[in-house]
Amino acid sequence: MMINRVIPSAAALAFFTAVAGAADMTPMVTKAPPEAPPSVTGYVELYSGWANSKESVTFCEVGFPCDFFSNRFDGWALGGAGRVNYWWAANASLQLDAQAEGTSYRFTSPGFGSGHFSTHAYLVGGHANWRDPQRGLFGVFVGAGDGTGPFFISAVRHGVVGLEGQLYLGSLTLYGQAGYDSTIGNISPSLDSMHAWFVRGTARFYASPNFRLEGTVLYANGGLDFTSTFGTPPSSDMETWLWRAKAEYKFASSPFAIFATYQGSRTATDISSPTSSTSFRNTDNRVMGGVRLYIGEKTLQWNDTMGTTLDIIDPLGVPSAIFNGGGPG
Amino acid sequence: MMINRAIPSAAALALFTAVAGAADMTPMVTKAPPQAPPSVTGYVELYTGWAKSKDAFTFCDIGGSCDSFGDKFDGWVLGGAGRVNYWWAANASLQLDAQAEGTSYRFTDPGFGSGHFSTQGYLVGGHASWRDPQRGLFGVFVGAGDVSSGGIVGGGDMRHGVVGLEGQLYLNSMTLYGQAGYDTTIGNIFPGLDGLHAWFVRGTARFYVNPNFRLEGTVLYASGGYDFTSVFGPPPSSDMETWLWRAKAEYKFASSPFSVFVTYQGSQTTFDLSTPTATESLRLTDQRVMGGVRLYIGEKTLQWNDTMGTTLDIIDPLGVPSAIFTGGGGMSASDARLKRDIVLVARLDNGLGLYRYRYLWSDVVYVGVMAQEVAYLYPASVVQGSDGYLRVDYGSLGLKLLTWEQWQTLAHATGVPMSAQLNSPVNSLGGSL
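All values reported here derive from a predicted model rather than from experimental measurement. (Residues numbered from 1 in each chain as written. Chains lettered and ligands numbered in written order. Predicted model: local features only at pLDDT ≥ 70, side-chain atom pairs only at ≥ 80, totals over all residues.)

Caption draft 1: Region of interest: the overall build of chain B. Helices and strands together make up the secondary structure of chain B, namely 7 helices and 18 strands. When burial is assessed residue by residue, chain B has 49% of its 433 residues classed as buried. Relative to all contacts within chain B whose residues are 6 or more apart in sequence, the contacts with residues 24 or more apart total 61%. (Helix = DSSP H or I, 4+ residues; strand = E, 2+ residues; numbered from the N terminus. Buried ≥ 20, exposed ≤ 12 C-beta atoms within 10 Å, placed from the backbone. Contact = placed C-beta atoms within 7 Å.)

This is the structure:
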């Protein structure tokens, strides 16, 4: 009997000890607070799609009727990005970005034939933020890159800097940016720079933790700074609107997500001199689909508050701003 | 006593059970082999640096004299990349890449002034590999992107695609990495020039001074050429050859996800073009020194990363700096240096001359302006292309580039003097160039 009683006691003790041991071990794995984010997370995304870009140019010279022409081009969009978030303190994160996108267009010119040309732009940048995963973030961003220039301007380097903030409201995240984008160094003896102030707003809604709907609007206003040794330099205005809708779905048991994006943009540039005026209107619409491969991230909603959640839309690299449909100049 | 004996027995059993439980639980954490890599790892890198690029252009008429010119430019390099490796099976991994690099150059042209232009390229791609972390890997890679056309073609930038095979061999403190592939433009560039292509091989050796300090050397050789077609007799023949050499050192901070690296890279590209009447030779050389930072995710030491993490990359020969750079040479539609058989046919009231000419690479006769002349009279209508040559915005001048046939047709149809034709509405002939 004693043995019979001892064995259950031993078994009970063994069970207790094992459970206690397991209980002791569990905190070894989850000792950090449940919401503590991993130190470094990120993703790489690749995407492709179809673009339709249109330009119209009106040239008026004093004493002459105005000339007008327009063109439409279909294009193949291709792009990719890598972004990484690093928590360098309890409420401070750093994000690094490398992003690029290009569009290959086919042109047909009567009397000349057909061919292909591309416009493309890339940007590398970083974000530094104060961040509370329960409430939002506030920080600065900076970036630089090269982009095909408009109006037969070759590729030019530009830099962008600004402030940004996010507000986490349950299944909704609001994201705002305001900044300044400018070419770096004069472009030609008569063209000092192109520049634009911009604001951008994004709303992200989570239909489920792994299904996100996103809408973005960007407005930019700036111009070209001309100098001239031939009298009064031209004056200019440049205005860009960008609107984007995006849906992303992440597979729960996989690091992969897929997304589809519609993006439109329109850039209006007016250049005036005492004897002439030229108006450029470039419009771009594109539909793209792609894949993201996440590292160390969880659901899309978790990523938004604790992971890699920021990006930069540089107005001088927007498709309608870098599009020049003339093909080879 | 029974209790006393029972307690130790119970304690022993409890200990055994606990140990067994612990033993049972341990494999929950480390059931995979000790070297089993994380499912997904990767990094993002940013870098910057200084470049010096040089071109030398020689043009020879068969049986005649040769003209040569060259230029040197200093540039500011900027680049970045994101790469992720995913183990989708025990011995199979997938890697995705997004990479971009550009160089901003300052030019000074006597009589024109100074300015800046950039060359740039980006590539997105993927690798699929059979991989044994103890021995090496073997797989395929594919990528596509856009690059500045530089001196290669006479128009806008262009899209290209690259595909190839690759392998790595892990030899303790050394890794050997080889690639062989094919890079080609996608779609014809313009009538008469179908594309540009190159076969290439690349070898890289990585030596680990310690697990977090890596020295790396790379050599790439590419050979290819233009694909011409011509409706004006035999198409030109061409050869293109590129060499790239690179030395790199990277150090990763042991307790941090960050590493720093410095790179020296040189490249040289030669283009030779022959027609029945002339030959052209272009020699482009680029040297650059860069430094940067990498932020790793889920990776350990650099040596660990090499065999289990994100270890692959793509050097596309059509995107090599010397292949996309032409600081003072190249082909654009309006620069007088690219034209031959130039004849003044008219002068407009605004002072601009209209010229009949052929491009160096084509027998088509055009009527248009000379960019150098426009630069003096209407500087806002001229820019310097990424290839260094001048380009004219015909639209801003209210003009349109015409072929000689169009010019003659218009003149006969309207019955007005040819000197007035270039002031006709720019859409009068349809299309644009």
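Caption draft 2: The arrangement of the overall build of chain A in detail. Across its full length, chain A carries 3 helices and 12 strands. Among the 329 residues that make up chain A, the fraction classed as buried is 49%. Counting only contacts in chain A whose residues sit at least 6 apart along the sequence, the fraction spanning at least 24 positions is 62%.

Caption draft 3: A look at the confidence of the model for chain B. All names here are of chain B. Residue-level pLDDT values for chain B average 76, and 66% of them are 70 or greater. Taken element by element, the predicted model of chain B shows its lowest mean pLDDT in helix α7 (residues 418-421) (37) and its highest in strand β7 (residues 174-185) (97). Per-residue pLDDT stays below 50 along residues 151-155; that stretch engages in 27 contacts with residues further than four places along the chain or on separate chains. (pLDDT = per-residue confidence, 0-100.)

Caption draft 4: Just the nonpolar core, in detail. If you look at the biggest cluster of nonpolar residues, it comprises 104 residues, and the most contacted ones within it are Val84, Ala98 and Leu293 of chain A together with Val84, Ala98 and Leu295 of chain B. Broken down by element, the residue count for this core peaks at 8 residues, all from strand β1 (residues 40-61) of chain B. If you look at the next biggest cluster of nonpolar residues, it comprises 13 residues, including Leu352, Tyr355, Val369 and Met370 of chain B. (Core = buried A, V, L, I, M, F, W, Y, C linked by C-beta atoms within 7 Å.)

Caption draft 5: Structural context of unusual backbone geometry. Phi is positive for Asn172 of chain B, close to 55°, though the residue is something other than glycine. Positionally, Asn172 of chain B belongs in the loop between β6 (158-171) and β7.

Caption draft 6: How the structure looks around the environment of Lys54 of chain B. Residue placement: Lys54 of chain B occurs in strand β1. In this structure Lys54 of chain B touches Gly70, Lys72 and Thr285 of chain B, once residues within four positions along its chain are discounted.

Caption draft 7: Focus on the pairing of strand β8 (residues 193-210) of chain B. All names here are of chain B. In terms of strand pairing, β7 meets β8 through 11 bridges, oriented antiparallel. In the sheet register, Thr175 faces β8, and the bridge partner there is Arg206. Looking at chain direction, β8 and strand β9 (residues 213-228) are connected through 16 bridges and run antiparallel. Within β9, the position partnered with Thr204 by the bridge is Thr218. Linking β8 back to β9 in an antiparallel pair, the connection comprises 2 residues. (Pairing = 2+ DSSP bridges.)

Caption draft 8: Looking closely at the environment of Ser238 of chain B. Residues and elements named next belong to chain B. Tracing the sequence through the fold places Ser238 in strand β10 (residues 237-252). The partly exposed category is assigned to Ser238, around which 19 C-beta atoms lie within 10 Å. Distance in space between the C-alpha atoms of Ser238 and Ser274 is 6.3 Å, their sequence separation being 36 residues. In this structure Ser238 touches Gly225, Tyr226, Phe228, Phe271, Asp272 and Leu273, once residues within four positions along its chain are discounted.

Caption draft 9: Region of interest: the pairing of strand β8 (residues 191-208) of chain A. All names here are of chain A. As paired elements, strand β7 (residues 172-183) and β8 share 11 bridges and run antiparallel to each other. Paired with Leu174 across the two strands is Ala203, which belongs to β8. Sheet analysis places β8 next to strand β9 (residues 211-226), joined by 16 bridges and oriented antiparallel. Residue pairing for β9: Leu191 is matched across the bridge by Phe226. The hairpin turn running from β8 into β9, its antiparallel successor, is 2 residues long.

Caption draft 10: How the structure looks around the confidence of the model for chain A. Residues and elements named next belong to chain A. Confidence along chain A averages 84 in pLDDT terms, with 82% of residues attaining 70 or more. Confidence, read as mean pLDDT per element, is least for helix α1 (residues 2-30) in chain A (41) and greatest for β7 (97). For the stretch residues 1-34, pLDDT sits under 50, and the model shows 28 contacts to residues farther than four places along the chain or on other chains.

Caption draft 11: Local environment of the environment of Ala257 of chain A. All names here are of chain A. Its place among the elements puts Ala257 in strand β11 (residues 256-272). It is 40 Å that separates the C-alpha atoms of Ala257 and Leu224, two residues lying 33 residues apart in sequence. What Ala257 contacts, discounting residues up to four positions off in sequence, is Glu248, Tyr249, Lys250, Phe251, Arg292, Tyr294 and Leu300.

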